[in-house]
Amino acid sequence: MVTKLPKVPVVVVGMGWAGGIVSAELTKAGISVVGLERGKDRTTADYAMGHDELRYQHRQELMQDLSKETITYRNTVSGKALPMRHYGTFIVGDGVGGAGSHWNGQTYRFLPYDFEIRTKTIERYGIEKIPAWMEGLNDWGITYDEMEPYYDTFEKMAGISGETVELWGKRTNPYPTPPLVKTQLMKEFEKAATSFGYKPFVIPAANLSESYTNPDGISRGACQYCAYCENFGCEYGAKGDPAVTVIPVAKQTGKLDLRTHSNVLELTKSGGKADGVIYVDMLTGEKFEQPADVVVVASYVFNNSRLLLNSGIGTPYDPKTGKGTIGKNYCYQVTAGGSQLFFEDREFNLYGGAGALGIEIAEYMGDNFDHAEVDFLHGAGIRSTQYGDRPIAVNRVPAGTPAWGAEFKEKSIKYANSNFPVKTQGASLPHKENYLDLDPEFKDEFGYPLLRMTYEYTDNDRAMGKYMSAITRKFAEEIGADIIDTNEVQAPFNVNKDGNTHNTGGVIMGTDPEKSALNTYLQMWEAENVFVLGASAFPHNSCFNPTGTLGALSYRAAEGIQKYLKEGGLLVKA
Ligand SMILES: Cc1cc2nc3c(=O)[nH]c(=O)nc-3n(C[C@H](O)[C@H](O)[C@H](O)COP(=O)(O)OP(=O)(O)OC[C@H]3O[C@@H](n4cnc5c(N)ncnc54)[C@H](O)[C@@H]3O)c2cc1C
Ligand code: SF4
């Protein structure tokens, strides 16, 4: 039996950064919002004395429970997909705050080049530079200059600590707080980078460098460099987290009806629009229908596509014909192309650190260097980070060391403080056969098909990884490491192994309803009262972590929803 509830103006599915921002903005404007979150509520108090590595890092308390819900995965369109049974690569958040509670906090803007990538690539290199398999590479329908005010709002809300970077788009304001401190490791990278003529910068961080009060009046304390950051909640509230920033603001308005343990199963529809959602109370098993004027889907990249496909909203993407949009342009990131350095007699105090603590160069990002003579597009950030090496999770040893036993123990201890990464994070551009759809076989506990991912690295990724690895090796030699392990080969994608948690695409934005699912307010072309928020809207993935950009787009979507509630109709002409 499904109990039908009274209609509300807006229902939001998922209470991470995307759902939290939109809930705060709408409730501040006096609009009532029902927020449905499948996990539990959380506040800073939940993380007090929470440096429990087993609980958070290894048993992944803050993450989606894969025994209850997962995705299936295959490398090619002709392969058979199998369920992801344990986390290796991306980790999916659960509960109020979503992955924004256990993220690292590296908070970037995308480049002006990203938003107009097709036009700018053709202008500089000609159409032939874009391979046929990359036909889905398109402009986003919005420019960096149009995005700038939304980035600014996100950064002020979260109090981002950083310094202006010359090779990025222009900023109207400096970062609200100064950059994090430079450790010895970062100073070594800086020295090497400067000697090559590059201009290194400290990575912009949502780990506050000093106490900060944001425009909503939310005050937070400074980061303690405690090292229990990635995969952990912050016991000081120093990490920008929706549960300590936007969600309390929405709660204070009295206009947010936050229902936790509420797992949305599908959207209901009639006459080309959504009527609302059906959800199940995970504590009692009761099912409810929540009608709404506007449905905001903010349930992360995977469930955004899955909910739409399971609800029959939007046209599924077909890789054979290239038609349809839901599931299209799934992108990941390039992880090959780094060097791990080991030293016999130098130490770096690696047990201290923060999720976004690091230093980087921008010279090889996007189109900041000439691609005429290379066989790939876009680029990578080259960086050294110091997250803080926790005792169970991190045992870096030189290549060739056995993975267990006496030698492994001896080298783990020897190099614990005497190693140093120079790594890269490369952009991922769309391949027509990398996509998301519904698995024909595997279902969740409620009988709904799981999402199936079809993904493999591309020639662009492999060429970029090789190119970037040579630059990281140059850094390693300049820094003067005794052992340098360089990884230049991008191995086949393995959902249980690869180490990057930035998924994008599936419900992408653009200007043409034939090629994109959303307009630039993240409003669906095919269902005007459905707004789909998150990195699922990115037409490709850049060389940056995604949250600054998905946060900025969430502010824009909140503006669009307010306009839609007043005027109705599509907010952008196709
Ligand atoms: C370990 C880690 C480190 C990261 N570090 C960085 C970083 O340094 N910088 C960066 O930019 N990004 C980082 N990210 C990525 C970042 O966390 C995400 O981009 C961001 O949090 C996504 O926000 P979101 O609101 O789109 O989704 P989420 O945070 O995933 O929120 C979605 C919410 O929806 C809920 N939900 C899902 N399905 C349903 C349903 N059917 N019904 C009801 N609720 C549902 C989920 O429980 C979740 O709370 C990191 C991610 C991880 C895992
Ligand atoms: S490193 Fe800083 S921001 Fe991260 S959990 Fe520790 S105190 Fe919080």
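> Break down the confidence of the model for the chain for me, citing the residues and quoting the values.
Taken over all residues, the pLDDT of the chain has a mean of 96, while the share at 70 or more is 100%. Across the chain, the secondary-structure element scoring lowest on mean pLDDT is helix 2 (residues 53-58), at 86, and the one scoring highest is strand 22 (residues 530-532), at 99.

> Hey, could you go over the site of ligand 1 for me, with residue numbers and the actual values?
Around ligand 1 lies a shell of 37 residues, among which E37, A99, Q106, N303 and T547 are the nearest. Within the backbone of V264, a nitrogen or oxygen atom sits 2.9 Å from a nitrogen atom of ligand 1. Protein chains bury 98% of the 1,000 Å² of accessible surface belonging to ligand 1 in isolation. At the level of secondary structure, the elements contributing two or more residues to the shell around ligand 1 comprise helix 1 (17-28), strand 10 (262-270), helix 8 (300-311) and helix 11 (547-567). Of all the elements, strand 10 adds the most residues to the shell around ligand 1, at 3 residues. Grouping the amino acids of the shell around ligand 1 by side-chain chemistry returns 13 nonpolar, 20 polar and 4 charged.

> Let's hear about the sheet that holds strand 14 (residues 338-342): which residues, and what values?
The strands making up a sheet are joined through hydrogen bonds of the backbone, oriented either antiparallel or parallel. Spatial strand order, 6-15-16-17-14-20: 6 strands in an open sheet with antiparallel pairing. With one partner strand each, in any of the chains shown, strand 6 (201-202) and strand 20 (483-487) form the two edges of the open sheet. Contacts from helix 6 (residues 184-195) reach strand 6, strand 15 (358-361), strand 16 (380-385) and strand 17 (419-426), with the element oriented near 15 degrees to strand 15. Packed on one face of the sheet, helix 10 (residues 459-479) meets strand 14, strand 15, strand 16, strand 17 and strand 20 and runs near 25 degrees to strand 14.

> A description of helix 5 (residues 144-158) should follow, citing residues and the corresponding values.
For helix 5, which comprises 15 residues, the first-to-last C-alpha distance of 20 Å matches the rise-based estimate of 21 Å (1.5 Å per residue) to within 8%. Taking the largest bend as the criterion, helix 5 deviates by roughly 25 degrees, centred on Y150. What helix 5 keeps buried is the set Y144, M147, E148, Y150, Y151, D152, F154, E155, M157 and A158. Next to the buried residues of helix 5 lie helix 1, helix 3 (112-115), strand 7 (212-213), strand 8 (219-220), helix 7 (246-252) and helix 11. Looking at the residues trailing helix 5, positive phi occurs at G159, about 75 degrees.

> Help me get a handle on the sheet that holds strand 4 (residues 71-74), residues and values and all.
Read across the sheet, 4 strands follow the order 5-4-19-18 without closing on themselves; strand pairing throughout is mixed. With one partner strand each, in any of the chains shown, strand 5 (82-83) and strand 18 (435-443) form the two edges of the open sheet. The pairing of strand 18 with strand 19 (residues 449-454) spans 5 bridges and is antiparallel. In the strand pairing of strand 19, K443 is matched with P449. Taken strand by strand, helix 8 contacts strand 4, strand 18 and strand 19, and its axis lies near 125 degrees from that of strand 19.

> Describe the nonpolar core, listing the residues and the values that go with them.
Formed by 126 residues in total, the largest nonpolar core has its most connected members in F90, W168, L267 and M453. Among the elements that take part in this core, helix 11 stands out by supplying 8 residues, more than any other. Ignoring sequence-local partners within four residues, the contact set of F90 consists of I71, M84, F302, Y330, Y332, M453, F493, V495, N500, T501 and N503. Among the nonpolar cores identified, the runner-up in size contains 39 residues, and V202, V334, A463 and A476 belong to it.

> Give me the lowdown on the pattern of salt bridges, citing residues and values where you can.
Throughout the structure, instances matching the rule amount to 29 salt bridges. K28 is the partner of D216 in a salt bridge, and the nearest nitrogen-oxygen pair spans 2.8 Å. Of this pair, D216 sits in the loop between strand 7 and strand 8 while K28 is found in helix 1, placing the two residues 188 residues apart along the sequence. Overall, the relative accessible area of 40% leaves K28 in the partly exposed class. Ionic pairing is found between D459 and R462, a salt bridge with its closest N-O pair at 3.2 Å. Taken as a pair, D459 and R462 lie in helix 10 at a separation of 3 residues, close to a single helical turn.

The rules we used
- Residues numbered from 1 in each chain as written.
- Chains lettered and ligands numbered in written order.
- Predicted model: local features only at pLDDT ≥ 70, side-chain atom pairs only at ≥ 80, totals over all residues.
- Heavy atoms only, no water.
- pLDDT = per-residue confidence, 0-100.
- Helix = DSSP H or I, 4+ residues; strand = E, 2+ residues; numbered from the N terminus.
- Near = heavy atom within 4 Å.
- Polar contact = N/O pair within 3.5 Å; in protein donor to acceptor, adjacent residues only side chain to side chain.
- Areas by Shrake-Rupley, 256 points an atom, 1.4 Å probe, with all protein chains shown as cover.
- Nonpolar A, V, L, I, M, F, W, Y, C, P; charged D, E, K, R; others polar.
- Pairing = 2+ DSSP bridges.
- Contact = heavy atoms within 4.5 Å.
- Axes fitted to C-alpha atoms, helices over the stretch in contact; angles between N-to-C directions.
- Expected span 1.5 Å × (residues − 1).
- Bend = angle between axes of the 7 residues up to and from the residue.
- Buried < 20%, exposed > 50% of the residue type's maximum accessible area, 1.4 Å probe, protein only.
- Core = buried A, V, L, I, M, F, W, Y, C linked by side-chain atoms within 4.5 Å.
- Salt bridge = Lys/Arg side-chain N within 4 Å of Asp/Glu carboxyl O.

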